[in-house]
Amino acid sequence: PAVEPRIDAQPLTLFRWWTDGCPHCRASLPALDRLTRRFQSRGLQFVAVYHPKRRVPPTGEALTEYLTHLGVRQAKTARDDQWTKLRDLMSRGQLRRATSVSFLVDQTGTVRWVHAGPRVHPSTDARHQGPATDYAVLENLLDALLPRAPAKRRKR
């Protein structure tokens, strides 16, 4: 069964469905984690939702170890072992390209951005121009949507 993560009311939550052994996920998860670190103080949280592609899924401990090995430290983790949420989201969004999809949701539950996968990360490699462009779009959207800290007044 899916494990619902505890989601605090934050201005924005980035959800990324992933699986171990996926090269697209290995490239995207650390990049999304770095983005979370950059915008966390402004109200972004990141939930990495595992969906298994093998018959016997790994333990939660093994998944945490895998994410740590990738350098992912800011993500809350959740599981969608039966692909229940993933299938629902994919059918509603007509997403068919990949199962490694991402969604940006605001605190009212409104989806603000959808990435149909499979990769989203910065890159200077011409083969990954699309994922790099998609990452830049997300980065700019986060900057526009998240509140900025008020400027500190100078003492006279």
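See the structure above.
Q: How would you explain the sheet that holds strand 1 (residues 12-18) if you had to name every residue and give the values?
A: Sheet strands associate in pairs through backbone hydrogen bonding, adopting either a parallel or an antiparallel arrangement. The strand order across the open sheet built from 5 strands is 3-2-1-4-5, with neighbouring strands paired in mixed fashion. Pairing within the sheet leaves two strands with one partner each, and these edge strands are strand 3 (76-79) and strand 5 (111-115). The average angle at which neighbouring strand axes cross in this sheet is 20 degrees, direction not considered. Looking at chain direction, strand 1 and strand 2 (residues 44-50) are connected through 7 bridges and run parallel. Its bridge partner being in strand 2, L12 is matched across the sheet by L44. Those strands touched by helix 4 (residues 129-145) are strand 1, strand 2, strand 4 (102-106) and strand 5, and its axis lies near 170 degrees from that of strand 5.

Q: Give me the lowdown on the environment of R79, citing residues and values where you can.
A: Turning to its location among the elements, R79 is positioned in strand 3. For R79, a relative accessible area of 17% translates into the label buried. Between the C-alpha atoms of R79 and W18, which are 61 residues apart in sequence, the distance is 9.5 Å. For R79, the side chain forms a polar contact with the main-chain oxygen of P58, separated by 3.0 Å. At 3.1 Å, the side chain of R79 forms a polar contact with the side chain of D81.

Procedures and definitions
- Residues numbered from 1 in each chain as written.
- Predicted model: local features only at pLDDT ≥ 70, side-chain atom pairs only at ≥ 80, totals over all residues.
- Heavy atoms only, no water.
- Pairing = 2+ DSSP bridges.
- Helix = DSSP H or I, 4+ residues; strand = E, 2+ residues; numbered from the N terminus.
- Axes fitted to C-alpha atoms, helices over the stretch in contact; angles between N-to-C directions.
- Contact = heavy atoms within 4.5 Å.
- Buried < 20%, exposed > 50% of the residue type's maximum accessible area, 1.4 Å probe, protein only.
- Polar contact = N/O pair within 3.5 Å; in protein donor to acceptor, adjacent residues only side chain to side chain.

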